[in-house]
Amino acid sequence: MNDSRITKTVRPEKPSRGKPVIAFMFPGLGGNLAENLKELERLGDPHVEKFIARADRVTTEKLGSRLSELVRPYLDQSNDTSTDVARLFKRTRSLPVLPTVVAHSILYTLECALAETWMAAGVLPDYVCGYSLGEYAAAHLAGAFGFEEGLSLIIERASALSVAPRGGLASIYAPRSEVEQFLIPDVYVVAENSSAQTVIGGGKEHLANVMASIEFAGYTVQELAVEHAFHTPLMLQAASGLSRTDPVRIEEEASRTSRPRLISTLDGMPGELREIRSPEHWARHLCAPVQLTKAVSTLVNCETSIFLEVAPIQSLAPLLRTHLSREKNISVLSTVPSGFDGRSVEKFVSDTAFHLRELGCAAAPFTFENDCIDQSERTLVYNDNAASASAVPEENIHLAKIREIWAGVLECEDVTYDTNFFACGGDSLRAAQIVQRLKKDIGIHCTIRDIYISPTPRVLAGVIASADAVSFPVDDILSLPNGLAVRYQSRADVDYFYRSIFLERSYAKHGLHIKAGDTVMDIGANIGMFSMFAALEAPDVKLFSVEPVPTLFKMLEFNLADVCEDVTLLNVGVSDRPGVATITFYPNSPGMSSFAPDRMDEEAILTALLQNDYKANKNSVISEILFRSSEFMDSRFEEKRYECSVISVSEIIAQYNIDKIDFLKIDVQKYEMRVLGGIDIRHWPLIRQIAIEVHDKNGAMNEICLLLESKGYAFRAEQDSLYKGTDIFNIFAWRQ
């Protein structure tokens, strides 16, 4: 199923209308279906309510109970199984396991309902495609059968499984070529989800043996919560029991004049309605591997530019992002957030609608019956705890100027503080003009998205005020085991740095030490964990702590306020020469923020860290993260960019008349050569000890070692076991 195996290029007839080509993508099972159903119910979406009512009538006839009654007992199961790692990654609940017929029925129902929601908002698909069970919803949308008929097929399918042998599925964190060498008779490849993840299935005993062999070889293995080996020949007996059902046209389905084209994951080809309606199609569908790669390739050939996952769970979008990572001008969006995303469903849906509008779709802004989206949630783009922007007083320093800019751009004289941008004909072009005016006239940096979600002068002024005065919630003050209280951006980073710096004393190696009266310079201080260590290591330490990211710098200020009396804090970057540079800040992985970002490199490093952690501890949460790595990476590497002033080490030395640096710590994520290049020859003798994290790219390690040797240092280079398989090393240097 690799792209290289696709020998036939399929080009179905392309849509003719002048808008982005959209594919609705429907996943099979995965994720916390019951938990997301509760949030969808809370939204009051009329389409969800309507389709559940329609499903109730079918399941009452077929199963003797309404679907809403069958699923209800599972909605309240939320046993807390949190571990430290699970809590850090927002994976703190066990997932209620629904009976097969209930899980399949509710997934199909909600996928059809959410498709209707998007279409009612103006997002009309050109193509539909479903992974495994998701093909039923795709077929319904393509016009193969009515909703009720499709649900009847789902129930018949679940009933037919009673004659299937017991089996299972397992996901292997390895490419197909490496997995195939372990397979034995009765165990098959079910799907190649990505270049690094393969699903296999087979009889229980044989599958268990293969899983044990693969895990013994060092691969990460996760058994999936199913009772059958779907999409393998073991399903042939169940497939033979699937009955024919004639297509039914109900008034709602017949009213649509144009239908999207189905791209089947049975073979990756465009499906003909006559064939899709046949029992043979669904019998083969139950037994054959999932051909996601071929289907995606077909959709790309059709010039699809937007892949929208339509489901109450997010499981297909991460796979699609992996498949499409090298494609330009293609967007992958989802309906609901992943388990690693902190946004609520209603916030996430609204954000997705905004992105669709940015991409040229006629997606109406979402409003919900229960009015769940409040203004405080809208300000999350800046500050998780910003006060409601609607309460901004008229004496706000920016409000009058924003209203003036609003009026000028919108060419509307009667603009008030509460005039809605869209009500006055606002569009993306005018939003861009407002962004430019705000930057030019009052030095405010915001985005087009900010205008869309803060559509009045008063609301936008409140967001800006909140951004200017960053506050910290009480929950973000953490008491460390040594008694220090710190504010932090990432709990995972705090735990790691505390263990490494304070418990393992990772900077006090090979004779490096801090003594009374020493001057310590911390470049890349982050929230100040090393700076605090240095201040507490000996009395009368003089600190220079340097951090360019504004958010982290404010935390650094707080954390060092009561720890060191003689501290100079610099909110700048450090390079080989003065100027301005852009730093990419990862709020969910702040320790990897960099002036030299490389998403592929950073993902590879984080994957290696997770794999090393799993091999050492066999942590089940880490295993789950690895299997959902694309989704996890998207969350960890959401980014913000800041323009920062940069200066050199020698400029700092000159500006503050520093006569010695007893300990220079450098942790700057691939920028270390730039930092060292900014030390003038006359200042090297002032520096007694150096600890550097080095990314060994293009011979950087050898170059730094030679430089240190030429300056009269002895040194040791080593790699922490957690970083095995990466290019990250530590160098400890001291004057001989």
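The structure we're discussing is the one just above.
For the structure given in this document, a descriptive report is provided here. (Residues numbered from 1 in each chain as written. Predicted model: local features only at pLDDT ≥ 70, side-chain atom pairs only at ≥ 80, totals over all residues. Heavy atoms only, no water.)

On to helix H25 (residues 599-617), then. The periodicity of an α-helix, 3.6 residues per turn, causes residues three or four positions apart to be oriented the same way. Counted at 1.5 Å a residue, the expected span for H25 with its 19 residues is 27 Å, and the 27 Å between its end C-alpha atoms agrees. Of the residues one or two after H25, lysine 618 is the one with positive phi, at around 50°. (Helix = DSSP H or I, 4+ residues; strand = E, 2+ residues; numbered from the N terminus. Expected span 1.5 Å × (residues − 1).)

Spatial ordering of the open sheet is given by S7-S2-S1-S8-S9, a layout of five strands whose pairing is parallel. For this open sheet the edge positions go to strand S7 (261-262) and strand S9 (331-334), each flanked by a neighbour on one side alone. Where strand S1 (residues 22-26) meets strand S2 (residues 127-130), four bridges bridge the pair, whose relative direction is parallel. Looking at S2, one finds that phenylalanine 26 is bridged to glycine 130. Where helix H5 (residues 100-120) meets the sheet, its contacts fall on S1 and strand S8 (306-309), and the angle it forms with S1 comes to roughly 160°. (Pairing = 2+ DSSP bridges. Contact = heavy atoms within 4.5 Å. Axes fitted to C-alpha atoms, helices over the stretch in contact; angles between N-to-C directions.)

Another point: the packing of aromatic side chains. Inspection of every chain in the model, using the stated rule, returns 17 aromatic pairs. Ring centres of tryptophan 684 and tyrosine 713 lie 6.1 Å apart, and the angle between their planes is 70°; on these two criteria the pair is classed as edge-to-face. A residue pair is termed long-range when its members are at least 10 positions apart, and tryptophan 684 in the loop between helix H29 (672-677) and strand S19 (689-695) and tyrosine 713 in strand S20 (residues 713-718) qualify at 29 residues. The same class applies to tryptophan 684 and to tyrosine 713, which are both buried. By way of ring pairs, the aromatic residues Tyr498, Phe502, Tyr507, Phe530, Phe533 and Phe663 are connected into one cluster. (Phe/Tyr/Trp six-rings, centres within 6.5 Å; stacked < 30°, edge-to-face > 60°. Buried < 20%, exposed > 50% of the residue type's maximum accessible area, 1.4 Å probe, protein only.)

Turning our attention to the pattern of salt bridges. One pass over the full model with this rule turns up 27 salt bridges. Put simply, glutamate 69 and arginine 66 hold a salt bridge, and the shortest N to O gap is 3.0 Å. The partly exposed category is assigned to glutamate 69, whose relative accessible area is 43%. Take arginine 66: its relative accessible area is 40%, and that puts it in the partly exposed class. As a salt-bridge pair, aspartate 522 and lysine 665 come within 2.8 Å of each other at their nearest N and O atoms. With aspartate 522 in strand S12 (residues 519-523) and lysine 665 in strand S18 (residues 663-666), this pair connects stretches of sequence that are 143 residues apart. Look at aspartate 522 and you get buried, because its relative accessible area is 0%. What emerges from the salt-bridge pattern is a single network uniting Lys515, Asp518, Lys660, Asp662 and Arg688. (Salt bridge = Lys/Arg side-chain N within 4 Å of Asp/Glu carboxyl O.)

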